Amino acid sequence: MASAHPPTPVLCGLGGWLPPRIVTNEELSRGLDTSDTWIRTRTGIGRRHVAEPGTATSDLAVEAARRALKSAGTDHADALILATTTPDRPCPATAPLIAAELGLGTVPALDVGAVCTGFLYALATGAGFLAAGLAGTVLVVGADTYSRILDPADRSTRALFGDGAGAVVLRAGTADEPGALGPLVLASDGTGADLIRVPSGGSRDPVRPGTAHLSDPYFRMEGKKVFRNAVERMAAASRQVAERRGWGVEGIDLLVAHQANVRILYAVADLLGLPRSRCHVHLDRVGNTAAASVPLALADAAAGGALRPGDRVVTCAFGGGLTWGAAALNWPGISPH
Ligand code: ACO
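These numbers come from a predicted model, not from an experiment.

Segmenting the protein chain into domains produces domain 1 (8–173) and domain 2 (181–330). Centre-to-centre separation of domain 1 and domain 2, based on C-alpha positions: 14 Å. At the junction of the two partners, domain 1 supplies 46 residues and domain 2 supplies 44 residues. For the pairing of domain 1 and domain 2, the buried interface totals around 3,400 Å² over both sides, and the portion due to carbon and sulfur atoms is 68%. In terms of surface lost to domain 2, no three residues of domain 1 exceed Cys 116, Leu 120 and Tyr 121, which account for 17% of the buried area on that side. If you look at where domain 1 meets domain 2, you find two salt bridges. Linking Asp 154 and Arg 220 is a salt bridge whose minimum nitrogen-to-oxygen distance equals 3.5 Å. In this assembly, domain 1 and domain 2 are joined by 17 residue pairs in polar contact (both at pLDDT 80 or more).

Below you can see the structure in the form of structure tokens.
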């Protein structure tokens, strides 16, 4: 007889990939009116990885996905969901291409666009696939190449972002298993859509007839306004999932938040009343990798010994849309690749 409860998504594989080229703050400062001191003190970022010309988001995603499948001890998943704001092309979606590169056959594959919260939205979509019986295992990938959409002359965004990809494998399981994911909370507020945006290239402001130009194809952000929103929203969502899971904030072993700015991470911890030592910091080495940020930070925490099997993890994110969310997770005994 079919169970009355939908299956619980269980995390059973994790992988990450960063393009090899590293750009330090010093290197960035040579062509931009900024400095290592400003970037470090205002953001906590020391360096970032940047994809070589010719490398697209799907190339990074395939590398991360291969590693996640290997970590799960398999070479197959029944569905693939990609969170990204920097698809290979505006049309079609990038996920089917990744599925084909991985040899997954004709599995369902789609892109999810929720900017820096994209990975959490993709996790929820993956959980939905499992609950609907559409798949027994789902590959969830977060990948972005922001270097392609940053204005080379804009110091307020160029210093912040890096390229990368992270991926997890979810399988249908039960709530008492190691790796059990949930609850998740997700939210949006479109009244803040202008705070984080790429103004041109969509249907609102397409290519100008008669020219091949877009009026502004670059990523723009009102950093100060985003900062306050990000802190309050991530703290509230994290508290919600910790309480719903029955842990309370004091029961969180590690907070793995979207890595935008170390001042945001510590402000979230302070607002929650969580010791800063329980807040994982990865951005010093990679910057803000957008949809890849959460899975890459999880992989870094697990690989560095900051996460042990059984740990109570809360992950949260905030990004353009505006969008935000959080998820609780019992850390499984997996080795990230
Ligand atoms: N180097 C030197 N000076 C800089 C730089 C830089 N790289 N960037 C900005 N400045 C200058 C500004 O021009 C400004 O100068 P002015 O006073 O002469 O105008 C001054 O520094 C202060 O700028 P602020 O924007 O007030 O600096 P702030 O301390 O707020 O830091 C930052 C800016 C890092 C962007 C911060 O606001 C932030 O982290 N915001 C949140 C980002 C975030 O959370 N993003 C998540 C979502 S991202 C997504 O969804 C893709």
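The subject of this paragraph is the packing of aromatic side chains. One pass over the structure, following the stated rule, counts four aromatic pairs. The interplanar angle of 20° and the centroid separation of 4.8 Å between the aromatic rings of Tyr 146 and Phe 161 together place this pair among those described as stacked. Separated by 15 residues along the polypeptide, Tyr 146 in the loop between β6 (137–144) and α6 (155–158) and Phe 161 in the loop between α6 and β7 (164–173) bring together distant segments of the chain. Each member of the pair Tyr 146 and Phe 161 is classed as buried. Ring plane angle 65° and centroid distance 5.2 Å describe the contact between Tyr 146 and Phe 219, whose orientation is recorded as edge-to-face. Remark: Phe 219 occurs in the loop between β9 (196–197) and β10 (220–221) and Tyr 146 occurs in the loop between β6 and α6; sequence separation between them is 73 residues. Overall, the relative accessible area of 0% leaves Tyr 146 in the buried class. The exposure class assigned to Phe 219 is buried, which follows from its relative accessible area of 4%. An aromatic cluster is built from Tyr 146, Phe 161 and Phe 219, whose rings are joined through pairwise contacts.

Strand pairing in a sheet is mediated by backbone hydrogen bonds. Such pairs are either parallel or antiparallel. Reading across the sheet, the four strands line up as β8-β13-β12-β11 and stay open at both edges, with mixed pairing between neighbours. Because the sheet does not close on itself, it has two edges, and the strands there are β8 (181–188) and β11 (254–257). Between one strand axis and the next, the sheet turns by 15° as a mean value, whatever way the strands run. As judged from the four bridges shared by β11 and strand β12 (residues 312–319), these two strands associate in the parallel manner.

Glancing now at the environment of Gly 73. Tracing the backbone shows Gly 73 in the loop between α3 (57–71) and β4 (79–83). Taking the C-alpha atoms as reference, Gly 73 lies 25 Å from Asp 144; in sequence the two are 71 residues apart.

Calculation notes
Residues numbered from 1 in each chain as written. Predicted model: local features only at pLDDT ≥ 70, side-chain atom pairs only at ≥ 80, totals over all residues. Heavy atoms only, no water. Domains from an automatic or database assignment. Contact = heavy atoms within 4.5 Å. Buried area = accessible area lost by both parts, 1.4 Å probe. Salt bridge = Lys/Arg side-chain N within 4 Å of Asp/Glu carboxyl O. Polar contact = N/O pair within 3.5 Å; in protein donor to acceptor, adjacent residues only side chain to side chain. Phe/Tyr/Trp six-rings, centres within 6.5 Å; stacked < 30°, edge-to-face > 60°. Helix = DSSP H or I, 4+ residues; strand = E, 2+ residues; numbered from the N terminus. Buried < 20%, exposed > 50% of the residue type's maximum accessible area, 1.4 Å probe, protein only. Pairing = 2+ DSSP bridges. Axes fitted to C-alpha atoms, helices over the stretch in contact; angles between N-to-C directions.

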